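# Working through the structure, step by step
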Amino acid sequence: MDNGKKVLIVEDEPIISADLAAYVKRMGHQVIGRAFNSEKALDLIANQQPDLVLLDINIEGTRDGIEIAQVIRQNYHLPFIFITSYSDKDTLKKAKVTMPYGYIVKPFHERDIISTIEMALFRAESEQGPSKLNKVKVDRLCISPLTRKEFEILEDVVKGMSNSKLAEKHFLSINTIKTHMKNLFIKLEVSNRPAAIAKVSG
């Protein structure tokens, strides 16, 4: 695979972690880290900027995998795949809320990992689509630089997302989205959504 992705493995069982790393490398991707607890996982996510996270639900540390997934969705918007020994209804219900890109139950086979990773990366790329905006250029059009979240929302506004879709994607309330939109309009010195799109797309 020519266009290898950066993959982070969050798994506290060393043998399983090593197996996952071997599968990922055979696919042509790069393993940028192997975290054995939640603290290390969050540190690597923040500093290594992975393209995909393989995430054990029952990870050691102060947070479980579902809580880590919530942080990923809220702050990083990265695709992640749950890997777990648990397939009971309560666990599945909690996991589904975080909108994972895949769910694999142990014990697994290499083909399960490969197919799920391929589907997750395909879905992520399809959802993201090509971004035509450059933050440096957009900031030059503003009276003050956009925050990372404001820029991400602006990208989705340009793609035509409504406030309800923005709230769903970014895991924010409609009121919070409206506040971000108001701040965007102020910084871009425009009064509405079409004007904002026209200004940054020109």
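Within each chain, residues carry numbers counting from 1 in the order of the written sequence. Only residues with pLDDT of at least 70 are given local features in this predicted model, and only at 80 or more are side-chain atom pairs given and counted; all residues enter the totals for whole chains, interfaces and linings. Note that the side-chain values use all heavy atoms of the structure and ignore hydrogens as well as water.

### Considering the sheet that holds strand β3 (residues 52-56)
Backbone-to-backbone hydrogen bonds pair the strands of a sheet. The strands run either parallel or antiparallel. Each pair of strands is called paired provided DSSP finds at least two bridges between the two strands. Each helix corresponds to a stretch of at least 4 residues labelled H or I by DSSP, and each strand to a stretch of at least 2 residues labelled E; elements are numbered beginning at the N terminus. Sheet architecture is open: five strands sit in the order β2-β1-β3-β4-β5, paired in parallel fashion. In the strand order of this sheet, the two ends are held by β2 (30-35) and β5 (103-105), each with one partner. On average, each strand axis in the sheet is inclined to that of its neighbour by 20°, with strand direction left out of account. Looking at chain direction, strand β1 (residues 6-10) and β2 are connected through five bridges and run parallel. When the bridges of β2 are listed, Leu-8 appears paired with Gly-33. The contact definition used throughout considers only heavy atoms, calling two residues in contact when any of these lie within 4.5 Å. The convention used is that axes are lines fitted to C-alpha atoms, helices contributing only their stretch in contact, and that angles between N-to-C directions extend from 0 to 180 degrees. Helix α2 (residues 38-48) contacts β1, β2 and β3 of the sheet and is inclined by roughly 150° relative to β2.

### Some remarks on the packing of helix α8 (residues 163-170) against helix α9 (residues 174-188)
Two elements in contact, α8 and α9, have axes separated by 9 Å at closest approach and are oriented at 110°. As judged from the angle between their axes, α8 and α9 are roughly perpendicular. Contacts between α8 and α9 involve Asn-163, Ser-164, Leu-166 and Ala-167 on the former and, on the latter, Ile-174, Ile-177, Lys-178 and Met-181. In terms of residue class, the contact of α8 with α9 is built from five nonpolar, two polar and one charged. In these notes the angle categories are as follows: under 35 degrees is roughly parallel, over 145 is roughly antiparallel, 65 to 115 is roughly perpendicular, and the rest is oblique. Ten residues, namely Ala, Val, Leu, Ile, Met, Phe, Trp, Tyr, Cys and Pro, are considered nonpolar, four, namely Asp, Glu, Lys and Arg, are considered charged, and the remaining ones, Gly among them, are considered polar.

### As for the pattern of salt bridges
Oppositely charged side chains may form a pair once their charged atoms are brought near each other. In the sections that follow, a salt bridge refers to a side-chain nitrogen of Lys or Arg positioned within 4 Å of a carboxyl oxygen of Asp or Glu. One pass over the full model with this rule turns up ten salt bridges. Asp-56 is paired through a salt bridge with Lys-106; the nearest N and O atoms lie 3.7 Å apart. Within this pair, whereas Asp-56 is found in strand β3, its partner Lys-106 is found in the loop between β5 and α5 (110-128), the two being separated by 50 residues in sequence. Taking the shortest distance from any N to any O, the salt bridge between Asp-139 and Lys-135 comes out at 2.8 Å. Of this pair, Asp-139 and Lys-135 both sit in helix α6 (residues 135-140), separated by four residues, roughly a single helical turn. Only protein chains enter the accessibility calculation, which uses a 1.4 Å probe; a residue is then buried when its area is under 20% of its type maximum, exposed when over 50%, and partly exposed in between. Note on Asp-139: relative accessible area 17%, which makes it buried.

### Some words on the packing of aromatic side chains
Centres within 6.5 Å are what make two rings of Phe, Tyr or Trp a pair, Trp counting through its six-membered ring; a difference in plane orientation under 30 degrees is then read as stacked, over 60 as edge-to-face, and the rest as tilted. Under the definition given, this model contains two aromatic pairs. Both rings, one in Phe-80 and one in Phe-82, keep their centres 5.4 Å apart while their planes meet at 70°; by these two values the pair is edge-to-face. Members of the aromatic cluster, connected to one another through ring pairs, are Phe-80, Phe-82 and Tyr-103. The ring of Tyr-101 is capped by Arg-123, whose NZ or CZ atom sits 3.9 Å from the centre of that ring. As a reminder, the over-ring test applies to NZ of lysine and CZ of arginine, requiring each to be within 6 Å of the ring centre and within 35 degrees of the ring normal.

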